Structure formats: C-alpha cells, structure tokens
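Overview (structure and organization)
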Amino acid sequence: MAPNHYAAAVCLSPDVSFAVTQCCVLVNQQFAEKATSLLPDLVIAFVAGYQPEDFNNAMNRIGELTSGRTVLGVTCQSLIAGQQELENTVGISLWSASWPAADVTPMFLQLQSANGNSEFSGLPQDGWKDDSVLIMLSEAYSFPADGLLEHINTIHPGVRIVGGVCDSGIKPSDSRLMLNGDIHDCGAVAVRISGVTTSTVVSQGCRPIGDTFIVTDSERNIVGTLGGQPSLDVLKKIYATLPTQDQSCIEKGLHLGIAMTEMKDEFQYGDFLIRNVNGIDEETDTITIGDYVRKGRTVQFHLRDHVSASIELRSMLEVEMKRATGPNPAAALIFTCNGRGSNLFEQPHHDAALMNEIVGDVATAGFFAAGEFGYVGSSNFLHGFTASIALFH
C-alpha cells in the first residue's frame, strides 16, 4: 500500500486569488515530486486578513486547483506555516494530506433546537473507531464548542479532538468557515479521520505553586473552601510565600488546575486541567473560576509565564517523540492561543520553531485561535492559552 504523503505552503499577499493560486501550485508540486497520480484526501486552508467577501469568492478554487477530496477553510488573524508564526498578517497557510488507507468523513455541525430539546446536527452516528481523530474548526458566537466536546466524550469516549475557535478580528460577523466549497458564518466544520497514526500534544503552559488541596466546599464555579479553609485565605497564604516575580505573575493572571485523576499520590505537568481564576470575593473569601468544580476534587494554583510555557511544551514534545515506536511524524497541525505568540514569549515564532526543533522539518500549518480543543487525561476540553498539536505519521 502507498505511504501517507503531506505538503504545506504559505503565501502572504493582499490579493487573495493570487495567494490561493500560489499555495495550491506549491502543494501540487510537492505531491508531484512524490507520485504523479497523488491526490490529497484532505486540504485545510488557514486564511488571515481578508474581507469576508474575498474569502467567499476564492475558497471554492482550492478544491478545483488541488483536486482535494475534502477541503476545509477558516478565517483568522494570524497564521502558522512551517516554523513561522505570522501574526496579524494577510495571507494563506495551506496544508494537505494523502492517506491511502484512511477513512475521511467531513461534516458541518450545528446545534439545533426543537420542542425544547437541543441536539447537534451533522454528526454521524456510525463509523467511529478506536483511532478516530476529529479536526474541528468552529465559529465563536453561534456554536457551543464545549458542549460538542462533552457530547463526544460521552457517546464516543477515547476519540481525540483537535482544532480551535476562529478569531477573525473586529466583528463577529467577519468569521467564515468553508467545507467543500460551501461557505458558513456559523457552526463548525470538521473532519473525522480513522486509519492514520496520529498523536496529540496539549501544552497548557502553566506551573504549579503551593500545595495541592481538596475542594471541601463549592457551588458551580465558585470555590468556597480548600482543605477546610476559605479558598481566598489559602491563596493569600501562598502569595505571601512567593518571590516578587511570581507575585507579579499572580497579579497579571492566576489559574487553578483541576486534577484529571484522583488516583495519584503526586501530580506533574499534564495532570491538571487549567482554568482561569476569574474573580475573588473579599466578603465571602471565595474565588470564581472558569469552570465548574465539584467537592472532593484535587486542585492546585498555577502561574503562566513564558518560561514555564516554553519548558512544558518542550517537555511534552520530547516525551511524545520518545514514546513513538514507529517512524517519526511527517506532518503537524498547530492550534495555538492568540494569547501566546508575541503576547507571551520574548522570542518570535516560539511554538512553531520549538515544534520544528524537536519533531523536525515536517509539513506544518495552523492558526492562532480564540480557544483550543485538546485531549487531556481521558477527555476533550476547550482550553485557553494552550498549544494543541496533532502529529501525523
């Protein structure tokens, strides 16, 4: 059986038609060098900086020029192309894959309500396998991505989801998605892949501070007590023990990690689902976080800074490369938060360049998202400030 093949290209140009043509030509050339009859099973276009009408007019040409069997497109503000992160740019990063033995199922997803009930339309009931991976690109305001992730976790446990929420800029109505030439300004476009060796890495970019605590009182997303003490008192005690630099990080943004399993005596990187601390209440001595947390869960406060984010991503990529028993990955998709890049790191192109350093010079594309989908522990979650990476063999 023929091997899997991948190609990627980027073109920065104010002329969207030129950018589409140039990217498609480059991808076609890369495939032609490997086999003259090679056609892509999946093409994904990450499109930054154009007006919605330009996106609408140009996107259907990608399928025509590449003969891609399934073509996805998404608007964004910033691109990833190879080892470059191209922030607030105008251009296209195009990624393509040929999988002779794969099952590739495209879908357009929406949440529809009728008679007081809601359900996700477009989601196939059959064909889910142990190795299925879902690549999903969603619109921020019309589609409850966290609800879809929870739904998949429940009915298809073990299926990994990667992707992100599109962030197109000034107006919500500017966002566009494309599936096989059809343009959408709502919902989500996705593709389910089975039969391709795929690994995923989710780097949440935080480091723990203080000790772990058991949640002893909570209501929805309000944490009342930790280890029997008011949660705000616990935080203040931790703050007092920290060096000045870490105290400054807390003042810029604090996070609470919720342990993904209670079956451990010691916790490490990747053992926590990181959620923002959204507020504190001095009157009730409570803290509010960006998720529900139940009594009995193990939690630990976390800080995010460029050093810890870099160390964690490097560590997780190195662990993944050591874990692989077959050939090294040949391609990657990177979905990184729009709060990373130059907003977090001192050096440019951080996530893409680090991926290139550790994984190698493989066909890589992606975009900066307003929320990233990634598999942590045994479930999929909607993350923030995260780099979610899919590695393909």
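Reading the values: the criteria
- Starting afresh in each chain, residues are numbered from 1 along the sequence in its written order.
- Local features in a predicted model are, by the rule used here, given only for residues with pLDDT of at least 70; side-chain atom pairs are given and counted only at 80 or more, and totals for whole chains, interfaces and linings are based on all residues.
- The basis for every side-chain value is the complete set of heavy atoms in the structure, and neither hydrogens nor water enter the calculation.
- Aromatic pairing here means that ring centres of Phe, Tyr or Trp (its six-membered ring) are within 6.5 Å. Orientation follows from the plane angle: under 30 degrees is stacked, over 60 is edge-to-face, and everything else is tilted.
- Helix and strand assignments follow DSSP, with helices taken as H or I runs no shorter than four residues and strands as E runs no shorter than two, numbered in order from the N terminus.
- Between buried and exposed lies partly exposed: a residue is buried under 20% and exposed over 50% of the maximum accessible area for its type, with that area taken using a 1.4 Å probe on protein chains only.
- Between any two strands, at least two bridges found by DSSP are needed for them to pair.
- The contact rule is simple, with two residues in contact once any of their heavy atoms fall within 4.5 Å.
- Lines fitted to C-alpha atoms define the axes, with helix axes restricted to the stretch in contact, and inter-axis angles between N-to-C directions lie between 0 and 180 degrees.
- Definition of nonpolar core: a set of buried residues of the types Ala, Val, Leu, Ile, Met, Phe, Trp, Tyr and Cys, connected through side-chain atoms within 4.5 Å.
- Using a grid of 1 Å spacing that covers the protein atoms alone, one calls a set of points a cavity when a 1.4 Å probe fits there but cannot get out, and a pocket when the set is open and has protein on both sides within 12 Å along at least five of seven lines; lining residues are those with an atom within 4 Å of a point.
- Grid points are joined across faces, edges and corners, and a volume is the space filled by probe spheres set on the points.
- Lys, Arg, Asp and Glu make up the charged group, whereas Ala, Val, Leu, Ile, Met, Phe, Trp, Tyr, Cys and Pro make up the nonpolar group; the residues left over, Gly among them, are polar.
- Think of it as the arc spanned by the lines of direction from the helix axis to the C-beta atoms.

The next point concerns the packing of aromatic side chains. Under the definition given, this model contains 11 aromatic pairs. Residues Y6 and W99 carry aromatic rings whose centres are separated by 6.2 Å and whose planes lie at 70 degrees to one another, so their mutual orientation is edge-to-face. Linking Y6 in strand β1 (residues 5–12) with W99 in the loop between β6 (91–98) and β7 (103–114), this pair joins segments that are 93 residues apart in sequence. W99 matches Y6 in its accessibility class, with the two residues each being buried. Aromatic side chains Y6 and F392 sit 6.4 Å apart centroid to centroid with 40 degrees between the ring planes, which places their arrangement in the tilted category.

When you tally the buried positions in strand β27 (residues 387–392), you get 6 out of 6 residues, the bulk of the element. On β27, burial covers both faces: A387, I389 and L391 on one face and S388, A390 and F392 on the other are all buried. Pairing geometry for strand β14 (residues 198–203) and β27, over 6 bridges, is antiparallel. When the bridges of β27 are listed, V202 appears paired with S388. Where strand β23 (residues 331–337) and β27 come together, 6 bridges link them in antiparallel fashion. Looking across to β27, one finds that T336 is bridged to A387.

Examined against the element boundaries, D174 turns out to sit in the loop between β10 (160–165) and β11 (177–179). C-alpha separation for the pair D174 and Q51, spaced 123 residues apart in sequence, amounts to 7.5 Å. When residues no more than four places from it in sequence are discounted, the contact partners of D174 are P52, T75 and S168.

As summarised here, the arrangement of the 6 strands in space is β1-β6-β2-β3-β11-β12, forming an open sheet in which the pairing is mixed. Strands at the two margins of the open sheet, each flanked by one partner only, are β1 and β12 (182–184). With direction set aside, neighbouring strand axes in the sheet form an average angle of 15 degrees. In the sheet, strand β2 (residues 42–48) pairs with strand β3 (residues 71–76) via 6 bridges, with the strands oriented parallel. Bridge assignment links V43 to a residue of β3, and that residue is V71. Its contacts with the sheet place helix α1 (residues 16–34) against β1 and β6, and it is angled at close to 155 degrees to β1.

A word on the nonpolar core. Counting 36 residues, the largest nonpolar core has F46, W95, W99, I135, L137 and F392 as its most contacted members. In terms of nonpolar packing, the next biggest core, distinct from the first, is built from 23 residues, L38, V43, V47 and Y50 among them.

So, about the layout of surface pockets. Computed from the structure, the largest pocket encloses a volume of approximately 780 Å³. Lining the largest pocket are 29 residues, and of these L273, R275, D291, Y292 and F381 sit closest to its centre. Per-class residue counts for the lining of the largest pocket are 11 nonpolar, 11 polar and 7 charged. Volume-wise, the second largest pocket comes out at about 510 Å³. Lining the second largest pocket are 19 residues, and of these T200, G270, M316, R323 and Y375 sit closest to its centre.

Another point: helix α4 (residues 145–155). Quick reminder: α-helices carry 3.6 residues per turn. Residues three or four places apart thus point the same way. Along α4, the residues classified as buried are A145, L148, L149, I152 and N153. Angular distribution of buried residues about the axis of α4 spans 140 degrees; they occupy a single face of the element. Relative to its buried face, α4 has exposed residues pointing more than 90 degrees away, namely E150 and T154. Contacts made by the buried residues of α4 are with β7, β8 (117–121), β9 (133–138), β10, β25 (372–376) and β26 (379–383).

Turning to the pairing of β10, a few remarks are in order. Burial within β10 is extensive, with 6 of its 6 residues counted as buried. Sheet topology note: the β9/β10 ladder contains 6 bridges and is parallel. If you follow I135 over to β10, its bridge partner there is V162.

These values are about where atoms sit, not about what they do.
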